[in-house]
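Observations on chain architecture
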Amino acid sequence: MDDYPVSVDENGLKIKPEKMEQEKLYHCIFKEKAMLVFKDSQDVMNCYEIEEKELVEKIKQIHSDDDLEKLFDDYLKGQDLNN
């Protein structure tokens, strides 16, 4: 996975923006947290940290970024976002 633009080591998150596609979500796990990285159409980097244990466990099962996007689509559909 040397070509994957997001990785972790003992010091934390490592990002290689030059290897990232715009508008694509990337992920890795660091210290029981899911780290999500996204480069938007303006080349602005966005990073999100998820600590919710149930969601982190689901993310750990993901093997492709397409599956990751589907997981979040399904997750958001299951949430009551009006509250």
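Preceding this section is the structure that the text describes.
A brief report on the enclosed structure follows. (Residues numbered from 1 in each chain as written. Predicted model: local features only at pLDDT ≥ 70, side-chain atom pairs only at ≥ 80, totals over all residues. Heavy atoms only, no water.)

Brief notes about the pattern of salt bridges
When the charged atoms of two side chains lie near each other, side chains of opposite charge can form a pair. Here the structure, examined in full by the defined rule, presents nine salt bridges. Ionic pairing is found between glutamate 32 and lysine 60, a salt bridge with its closest N-O pair at 2.7 Å. Of this pair, glutamate 32 sits in the loop between strand 3 (25-30) and strand 4 (33-39) while lysine 60 sits in helix 1 (residues 53-60), placing them 28 residues apart in sequence. Among the residues examined, lysine 60 registers a relative accessible area of 31% and is labelled partly exposed. Ionic pairing is found between lysine 33 and glutamate 49, a salt bridge with its closest N-O pair at 3.4 Å. Taken together, the residues lysine 33 in strand 4 and glutamate 49 in strand 5 (residues 45-50) connect sequence positions 16 residues apart. (Salt bridge = Lys/Arg side-chain N within 4 Å of Asp/Glu carboxyl O. Helix = DSSP H or I, 4+ residues; strand = E, 2+ residues; numbered from the N terminus. Buried < 20%, exposed > 50% of the residue type's maximum accessible area, 1.4 Å probe, protein only.)

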